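# Residue-level structural notes
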Amino acid sequence: MEKKIDLRENVEEALANSQVFVPQFVGFTFQESTVFSESEHAYTYLVFKNCVFEKDFLLERREFSQGIVFIGCTFKQSVRLRELNFTDSYPFFRTTSPNIHFNKCTIADELQIGGKMVSNIEIMGTQINTLSIERLKTEKSVFILQCNISELFIQRSEIGLYLNINENKVDMFDIEGLICNLVNMSRNDIKYFYTSGLEVGKSDTGRYYIGANTVQHFYFSISPYYKGYYFLKNNTVKGKSEINCYKMFFRHSVSKRERENLYQAHYKEIFRPKFFFEDNVVETTLDISSPLPFERFSLKIAPSSKGAITIPQLSCERLTISGVHQGGTLIVDLLLSKNVIIKELLNYGNIKFSNYAPLEKSTFSILYSNLGKTHFSLCDFSRGTEMEIRHSNLSEIQFSSVTWFSEKLLNSHSDYTPFRENIERYPGFYKNDKKINYDHEVYKQLKNAAQKSEEKEMTVHFRSMENRLRYRILKETVSAFNRERMLLSLNRTNDFGANWTKPILLAIAATLISYILIIASFSFPAGRGFGNSLLTLIKNLANYIFVLPQLFNPTHILGAIFDPVQYSQIRFSFVIHFIDILQRFAIAYLLVQAVIAFRKQSN
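Just so it is clear, the model here is predicted, and its values are computed rather than measured.

### Re the overall build of the protein chain
Across its full length, the protein chain carries 12 helices and 39 strands. Counting over 603 residues, the protein chain shows a buried share of 48%. Counting contacts in the protein chain only where the partners sit at least 6 residues apart, residues at least 24 apart contribute 42% of the total. Carbon and sulfur atoms form 52% of the exposed surface of the protein chain, whose accessible area is close to 29,100 Å².

### Some points on helix α6 (residues 456–477)
The end-to-end C-alpha distance of α6 is 31 Å, a good match for the 32 Å that 22 residues give at a rise of 1.5 Å each. Turning to α6, its buried residues are M458, T459, V460, F462, S464, M465, E466, N467, L469, Y471, I473 and L474.

### What to know about the pattern of salt bridges
In this structure the tally under the stated criterion is 18 salt bridges. Between R187 and E167 there is a salt bridge whose closest N-O contact spans 3.2 Å. Of this pair, R187 sits in the loop between β20 (182–186) and β21 (189–196) while E167 sits in the loop between β18 (162–166) and β19 (169–179), and the two are 20 residues apart along the sequence. Judged by its relative accessible area of 46%, R187 is partly exposed. A relative accessible area of 36% means that E167 is categorised as partly exposed.

### What about the side chain of S514?
On the secondary structure map, S514 appears in helix α8 (residues 501–520). Ignoring any residue separated from it by four or fewer positions in sequence, one finds S514 in contact with I579 and Q583.

### Overview of the layout of surface pockets
For the second largest pocket, the calculated volume is near 200 Å³. Lining the second largest pocket we find 14 residues, and of these L336, S337, K338, L359 and E360 sit closest to its centre. Counting residues per element, the ones that place at least two in the lining of the second largest pocket are β31 (315–325) and β33 (336–347).

### Notes on the confidence of the model for the protein chain
Looking at the protein chain as a whole, the pLDDT averages 81, with 81% of positions reaching at least 70. Mean pLDDT per element in the protein chain: strand β1 (residues 3–5) is the minimum at 44, and strand β34 (residues 350–354) is the maximum at 95. In the model, residues 89–96 has pLDDT below 50 throughout and makes 18 contacts with residues more than four positions away in sequence or in other chains. Low pLDDT (under 50) marks residues 247–253, which in the prediction has 27 contacts with non-local residues, meaning those over four places away or in another chain.

### Regarding unusual backbone geometry
Despite not being glycine, N50 has its phi angle at roughly 55 degrees, a positive value. Along the chain, N50 falls in the loop between β5 (43–49) and β6 (52–53). Positive phi outside glycine occurs at Q146, with the angle close to 55 degrees. If you trace the backbone, Q146 turns up in the loop between β16 (142–145) and β17 (148–159).

### Thoughts on the packing of aromatic side chains
One pass over the full model with this rule turns up 53 aromatic pairs. Measuring from centroid to centroid gives 4.9 Å for F231 and F276, while their planes differ by 20 degrees, and the two rings are stacked. Here F276 lies in strand β27 (residues 274–282) and F231 lies in strand β24 (residues 229–233), a separation of 45 residues in the sequence. Aromatic ring contacts, followed pair by pair, group F173, F193, Y208, F218, F220, Y230, F275, F277, F294 and F297 into a single cluster.

Analysis parameters
- Residues numbered from 1 in each chain as written.
- Predicted model: local features only at pLDDT ≥ 70, side-chain atom pairs only at ≥ 80, totals over all residues.
- Heavy atoms only, no water.
- Helix = DSSP H or I, 4+ residues; strand = E, 2+ residues; numbered from the N terminus.
- Buried < 20%, exposed > 50% of the residue type's maximum accessible area, 1.4 Å probe, protein only.
- Contact = heavy atoms within 4.5 Å.
- Areas by Shrake-Rupley, 256 points an atom, 1.4 Å probe, with all protein chains shown as cover.
- Expected span 1.5 Å × (residues − 1).
- Salt bridge = Lys/Arg side-chain N within 4 Å of Asp/Glu carboxyl O.
- 1 Å grid on protein atoms, 1.4 Å probe; cavity = no way out; pocket = protein on both sides within 12 Å on 5 of 7 lines; lining within 4 Å.
- Points joined across faces, edges and corners; volume = space filled by probe spheres on them.
- pLDDT = per-residue confidence, 0-100.
- Phe/Tyr/Trp six-rings, centres within 6.5 Å; stacked < 30°, edge-to-face > 60°.

Dropping the structure here:
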């Protein structure tokens, strides 16, 4: 049969008759509203097991030496706990035991916890309609574990040690204005997850960890007032979601005076966030936006993520992208980013990087990755950007409106000195393990990518760089009579198809030299001084200027230009005829080289 009593009447009466009272209530039903407020009596601890509270339960401004415990209780209306002070731990629990403990309870209305407390709070296995932690200030920790909650609010509260929210089922979760260095939210099932306001923590070792949760809709605010690290790992985000970073934002009403007090107390110093978004499954869309700069941003793509992740105008000192991109879309606008590291990224989906144009010295690294059909657009890699490309596949990348790096900015080989015994054991390997070999492979892959992107101008440029490096490799490894080396040597006359003006200028130079030698052959007769002969040469160069244009014809014949009847005094030696033949071959070859280069650039 139910035991129906007035809780306050019984407890206060007992306290009046006892200096120290340790009440335990098992199986009671309390009909009236229960209010415990300021009193001269101090409790060691209160224990309620399998009790039913018909009306509101209020406990405020009381001091306990150990704690208050609810096990298997049913609250048909609201519970309010405010400004409680605990001087020790409850003895039946672990060393870091809670001072306020709910275990396997049912709260039909609202559980409110707030005010200034010196207490640990633990809520386990409890079904709650609304859990509201508002204006709580505690030097200790809060644990919410394995609960079923319709609405969970944590607003403008300061938690000194830990906030742990694990293995709960929550319909709506709202955090606003939390001040806590160490936060852990793991393995929860949440329909609507909101964080906003100002999360603050000024410790370098602070951690804000959200991991292995399933969330239907996710709206997360990154705070520039949090000096620690944000970790979002192994979460599943099913619906449309957003992550942002703003300087100051409250969704709920905050008075002007309270806002000023908060700013003066906590928000004077701004930090650049350190944000790690790793192995999260995005099933629809996720937008990550921030007008404020990140110090570090790590994005690791989960293989099973199929949705679209968009990051517009990312401002970041150090951005790291990795993972396996099986499907979906990743769009990253690198407008204000500085150092970018793409490491161990396998792309089989749609990735696009755009607007990378740093204004100061920076590094863009692609390490141990297969970029697949990653698209680069409107990027400038020539502004002092060190390009670090190592052991990666770039053959299928696509690009448009990209200004590429020069060879001196390319770093494709790590600087290390192998052990001497390895050099002696594998001399062939270390002979080929040089920076020039890796540079050649990078330009070869970029050439293939340019061909597939139908970027004809860049195809010519990358082919030229590939052949130039190939020639330098052969120059160090094979003799001058090697067929490939000789062919590449000849193709240097048009920069391997990249410069059609160079062979024309070389043809003009060869013709001028040949013309001067031909005229000089009959301008230095025996018996004259050098000065008179030089004047004769200059005069003849002017008199026979009509010969110069004819020498540009590869089929010209000296005997036809200098008619033996008209110029009977001119005789050419074997050497002059040989020089003329060489010049004719050079003119023919150089003109062909000019045509080849011109066609490659114009097609």
